[in-house]
Amino acid sequence: MNPLDQLKDIHLPNPVSLWPPAIGWWVLAVLALFGLAALLMFLLRHHRKQRYRRLACQQLAQLHQCYQEERNDLDYLLSINKLLKQVSVNYYNKNQVSRLSGEAWLTFLDQTGNTRAFSQGPGRVLATGPYATPEQLSTELTDIEPLSQCCSDWIKGHR
């Protein structure tokens, strides 16, 4: 008789249960929930802070549509200037922005928008247009798309 035949079969332990999880998994789950809640709060706050930009872009689109219908160069120019001033006052120091005009206003827009579209591009008409004759203004605003685009870019990207 073989002594190995007398041995009993190997008994395997029960498989490890997935429930309840170890304390490390509970800690990780709680940290993940806090992280997710913090991310959602950050995104919600960012969305609320950027609301004025969305509204300003909508208003710019409305101004552009009104211009397409009425073709009043001076009104369009003054309305865009007013919109940019409102956005600036909303975001920056009111005392700093409200008194800017002419070259200082264009320089401010260039600096905060990280561009040169106002002092050396289509936005230049914001400083010269209100004082131009209707004929000169019509000559300067032959194509309003670049002006609208640089204003839209500034609204979306000023810092």
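The structure this text deals with has already been given above.
Small disclaimer: the values here were computed from a predicted structure and weren't measured.

**Q** Pulling in residues and values, what's your account of helix α8 (residues 145-157)?
**A** An α-helix turns once per 3.6 residues; consequently, residues spaced three or four apart project the same way. Between its terminal C-alpha atoms α8 stretches 18 Å, which fits the 18 Å expected from 13 residues at 1.5 Å a residue. Packed against the buried residues of α8 are α2 (51-70), α3 (73-91), α5 (102-113) and α6 (125-128).

**Q** Quick one: what's the story with a nonpolar patch on the surface, residue by residue and with numbers?
**A** A surface patch of nonpolar side chains, about 620 Å² in accessible area, is lined by W19, I23, W26, V27 and L31. On the basis of relative accessible area, W26 is assigned to the partly exposed category, the value being 42%.

**Q** Requested: an account of the side chain of S119, with residues and values cited.
**A** The residue S119 is located in the loop between α5 and α6 in this model. A distance of 2.4 Å separates the side chain of S119 from the side chain of D110, its partner in a polar contact. S119 has contacts with L106, D110 and R124, leaving out every residue within four places of it along the chain.

**Q** Residue-level account of the packing of α3 against α5, with values.
**A** Between α3 and α5, the least distance of the axes is 12 Å, while the angle of their chain directions is 60°. Regarding the angle of α3 to α5, the classification is oblique. Handedness of the crossing formed by α3 with α5: left-handed. Residue-level contacts link N81, L84, K85 and S88 of α3 to W105, F108 and L109 of α5. Its residues placed into classes, the contact of α3 with α5 shows four nonpolar, two polar and one charged.

**Q** So what about the nonpolar core? Which residues, and what values?
**A** By size, the foremost hydrophobic cluster in this structure holds 32 residues, and its most contacted members are I80, L84, F118, L126 and L147. Those elements giving two or more residues to this core turn out to be α2, α3, α5, α6 and α8. Considering each element in turn, this core owes the most residues, six residues, to α3. Other than its neighbours up to four places away in sequence, L126 contacts L77, I80, N81, L84, L106, L109, F118 and L147.

**Q** Give a detailed account of the packing of aromatic side chains, specifying residues and quantitative values.
**A** Across all of its chains, the model carries six aromatic pairs by this definition. Their ring planes at 70° and their centres at 5.8 Å tell us that W19 and W26 sit as a pair that is edge-to-face. With a relative accessible area of 62%, W19 lands in the exposed category. Taking the centre distance of 5.2 Å and the plane angle of 80° together, the rings of Y92 and F108 count as edge-to-face. Of the two residues, Y92 is situated in the loop between α3 and α4 (94-98) and F108 in helix α5; the sequence distance between them amounts to 16 residues. The two residues Y92 and F108 agree in class, both being buried.

**Q** Before we move on, could you go through unusual backbone geometry and cite the residues and values that matter?
**A** Following W19, the chain continues to P20 via a peptide bond in cis, the omega torsion being 0°. Despite not being glycine, R71 has its phi angle at roughly 60°, a positive value. Position of R71 among the secondary structure elements: in the loop between α2 and α3. Of note, the phi angle at N114 is positive, near 50°, even though the residue is not glycine. Following the sequence through the fold, N114 ends up in the loop between α5 and α6.

Reading the values: rules and limits
Residues numbered from 1 in each chain as written. Predicted model: local features only at pLDDT ≥ 70, side-chain atom pairs only at ≥ 80, totals over all residues. Heavy atoms only, no water. Helix = DSSP H or I, 4+ residues; strand = E, 2+ residues; numbered from the N terminus. Expected span 1.5 Å × (residues − 1). Contact = heavy atoms within 4.5 Å. Patch = residues over 30% accessible without salt bridge, like charges linked within 9 Å, V, L, I, M, F, W, Y side chains within 5 Å. Areas by Shrake-Rupley, 256 points an atom, 1.4 Å probe, with all protein chains shown as cover. Salt bridge = Lys/Arg side-chain N within 4 Å of Asp/Glu carboxyl O. Buried < 20%, exposed > 50% of the residue type's maximum accessible area, 1.4 Å probe, protein only. Polar contact = N/O pair within 3.5 Å; in protein donor to acceptor, adjacent residues only side chain to side chain. Axes fitted to C-alpha atoms, helices over the stretch in contact; angles between N-to-C directions. Parallel < 35°, antiparallel > 145°, perpendicular 65-115°, else oblique. Left-handed = near helix turned anticlockwise from the far one by under 90°. Nonpolar A, V, L, I, M, F, W, Y, C, P; charged D, E, K, R; others polar. Core = buried A, V, L, I, M, F, W, Y, C linked by side-chain atoms within 4.5 Å. Phe/Tyr/Trp six-rings, centres within 6.5 Å; stacked < 30°, edge-to-face > 60°.

No statement about biological role is implied by the geometric values presented.
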